[in-house]
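Architecture and fold: a report
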Amino acid sequence: MLENVAAVLLNGVHPFELGVVCEVFGIDRSEEGLPVYDFAVASAEGPTLDTYAGFTVNTKDGLERLEEADLIAVPAGESYAVREFPPELLDALRRAVDRGTRVLSVCSGAFVLAAAGLLDGRRCAVHWRHAEELARRYPHVVVEPDTLYVDADPVITSAGTAAGIDACLHLVRKEQGPEVANKIARRMVVPPHRDGGQAQYIERPLPRSQCDTVGEVLAWMEANLDEEVTVEQLAARAHMAPRTFARRFQQETGTTPYRWILRQRVLLAQELLELGDETVDAIAARTGFGTSAALRHHFVRALGTTPNAYRRTFRGPRSVETMDDPEAA
């Protein structure tokens with residue numbers, strides 16, 4: 001049952017991410033026939049907390065409030081990626097999961113769950129800007145940087161900002177059905193459902209080389225994304241044998257030449273879709289995919305959405321939609 005919900009706060013909490021949890025679970029919508037949650041905000045660091053936005057929040061409840069919750073939500077906060085957390089909070093979260101309580105994080109709130117050991121061996125989502133640090137600090141966590149949210153029941157994690165809304169509505173839908181979730185979404189004027197596997201929109205090139213062995217080849221590849229190249233041709237540019245080049249490339253970039261150039265092509269396609277009015281066919285040619293169908297295939301695999309849908313998201317309905325192969329909205 002999902003009846004009793006507590007949001008637990010630390011100093012530096014982000015007001016929007018806290019507001020997400022309050023909006024979904026903290027409003028009385030009984031006049032619309034919707035459930036009313038027993039909702040409270042609990043502090044892990046005293047009755048008065050500083051927020052990231054510069055104002056303070058006063059709470060009447062402490063960690064004892066978590067003992068009766070069916071769901072504990074951990075909103076994002078400033079410096080959560082680097083700070084330590086109160087041991088008594090981590091103990092309370094572990095006890096909660098042991099007795100069957102669900103825990104849900106929004107954005108960098110995942111660091112709190114990871115510190116409690118609740119993400120060990122579990123898949124999790126976090127804002128893409130924090131994914132590398134979360135994986136570095138907690139190597140037993142399976143970070144999925146491209147997803148909106150991950151339901152690894154009883155632990156639910158979500159990426160930044162609006163993805164927290166998606167995760168909360170997902171849990172409502174799971175526990176109380178789509179009608180309840182849809183009515184709450186309608187009141188909030190947000191999409192009623194976005195699948196957790198949908199990709200975050202990420203502006204994040206793959207790691208660049210830290211030394212000069214393949215640096216010049218990387219620069220040439222980036223400047224010539226529209227050209228078809230082989231490992232043999234790239235190795236010749238680097239004056240290496242193909243096997244040596246492939247091994248060195250993997251060591252210095254963390255990926256293969258094919259995956260590196262594929263990611264750069266998708267990133268360039270994103271930029272052209274956001275900023276220009278070229279057709280998708282023209283963008284496919286400029287980015288080295290050749291055809292709109294090939295661009296669409298790789299774009300969907302990388303981002304979970306189509307080129308035209310991506311363009312509409314960033315440009316609005318006035319955007320150009322002239323693919324040779326019509327795509328669904």
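What comes next is a walk through the structure. (Residues numbered from 1 in each chain as written. Predicted model: local features only at pLDDT ≥ 70, side-chain atom pairs only at ≥ 80, totals over all residues. Heavy atoms only, no water.)

1. Looking at the side chain of Gln 270
Note that Gln 270 resides in helix H10 (residues 257-275). Side chain to side chain, Gln 270 and Tyr 310 meet in a polar contact 3.0 Å long. (Helix = DSSP H or I, 4+ residues; strand = E, 2+ residues; numbered from the N terminus. Polar contact = N/O pair within 3.5 Å; in protein donor to acceptor, adjacent residues only side chain to side chain.)

2. Here we look at the packing of helix H7 (residues 215-223) against H10
In the contact formed by H7 and H10, the axes pass within 10 Å of each other and the chain directions differ by 40°. The angle between H7 and H10 places the two elements in the oblique class. H7 and H10 meet at a crossing whose hand is right-handed. The segment H7 lies against H10, with Leu 218, Met 221 and Glu 222 engaging Pro 257, Trp 260, Ile 261 and Gln 264. For the contact of H7 with H10, the per-class residue count stands at 5 nonpolar, 1 polar and 1 charged. (Axes fitted to C-alpha atoms, helices over the stretch in contact; angles between N-to-C directions. Parallel < 35°, antiparallel > 145°, perpendicular 65-115°, else oblique. Left-handed = near helix turned anticlockwise from the far one by under 90°. Contact = heavy atoms within 4.5 Å. Nonpolar A, V, L, I, M, F, W, Y, C, P; charged D, E, K, R; others polar.)

3. A few points about helix H2 (residues 87-98)
Taking 1.5 Å per residue, 12 residues should reach 16 Å; H2 reaches 17 Å between its end C-alpha atoms and fits that length. Those residues of H2 hidden inside the fold are in contact with strand S1 (4-9), strand S5 (71-74), strand S6 (102-106) and helix H3 (110-115). (Expected span 1.5 Å × (residues − 1).)

4. Description of unusual backbone geometry
Residue Pro 154 follows Asp 153 across a cis peptide bond; omega there is 15°. Within the fold, Pro 154 resides in the loop between strand S9 (149-152) and strand S10 (155-158). Backbone geometry at Cys 107 places phi at a positive 55°, although glycine is not the residue there. Tracing the backbone shows Cys 107 in the loop between S6 and H3.

5. Description of the pairing of S5
Because side chains alternate across S5, one face comprises the buried residues Leu 71 and Ala 73, and the other comprises Ile 72 and Val 74, equally buried. With 3 bridges connecting them, S1 and S5 associate as parallel partners. Bridging from a neighbouring strand, Ala 7 pairs with Ala 73 of S5. Pairing geometry for S5 and S6, over 4 bridges, is parallel. Bridge pairing in S6 places Leu 71 opposite Arg 102. (Buried < 20%, exposed > 50% of the residue type's maximum accessible area, 1.4 Å probe, protein only. Pairing = 2+ DSSP bridges.)

6. Quick notes on the nonpolar core
Counting 72 residues, the largest nonpolar core has Phe 25, Leu 66, Leu 89, Leu 93, Val 112 and Leu 134 as its most contacted members. Looking at this core, the element that brings in the most residues is helix H5 (residues 162-176), giving 7 residues. Those residues in contact with Leu 93 that lie beyond four places of it in its chain are Ile 72, Val 103, Val 112, Leu 113, Ala 116 and Leu 118. Listed in part, the 14 residues of the second largest apolar core include Val 217, Leu 218, Leu 234 and Ala 238. (Core = buried A, V, L, I, M, F, W, Y, C linked by side-chain atoms within 4.5 Å.)

7. So, the sheet that holds S1
An order of S2-S1-S5-S6-S10-S9 is seen for the 6 strands of this open sheet, with the pairing classed as mixed. The sheet is open, and its two borders are formed by strand S2 (38-43) and S9, each paired with just one other strand. Pairwise comparison of adjacent strand axes, ignoring direction, gives a mean angle of 15° for this sheet. Sitting on the sheet, H5 touches S5, S6, S9 and S10, and the angle it makes with S6 is about 155°.

8. Comments concerning helix H6 (residues 178-188)
The complete set of buried residues in H6 reads Val 180, Ala 181, Ile 184, Ala 185 and Met 188. Taken down its axis, H6 places every buried residue within 130° of arc, on the same side. Among the exposed residues of H6, those oriented more than 90 degrees off its buried face are Glu 179 and Arg 186. Residues of H6 that are buried in the fold lie against helix H1 (15-25) and H5. (Arc of directions from axis to C-beta.)

9. Things to note about the environment of Ile 261
The residue Ile 261 is located in helix H10 in this model. Overall, the relative accessible area of 8% leaves Ile 261 in the buried class. Placed 39 residues apart in sequence, Ile 261 and Glu 222 show a C-alpha to C-alpha distance of 7.5 Å. Excluding its chain neighbours within four sequence positions, the residues that come into contact with Ile 261 are Met 221, Leu 225 and Val 229.

10. Describing the environment of Leu 34
Among the structural elements, Leu 34 can be located in the loop between H1 and S2. We classify Leu 34 as buried; its relative accessible area is 6%. In the structure, Leu 34 is positioned 146 residues away from Val 180 in sequence and 6.4 Å away in space, judged by C-alpha atoms.

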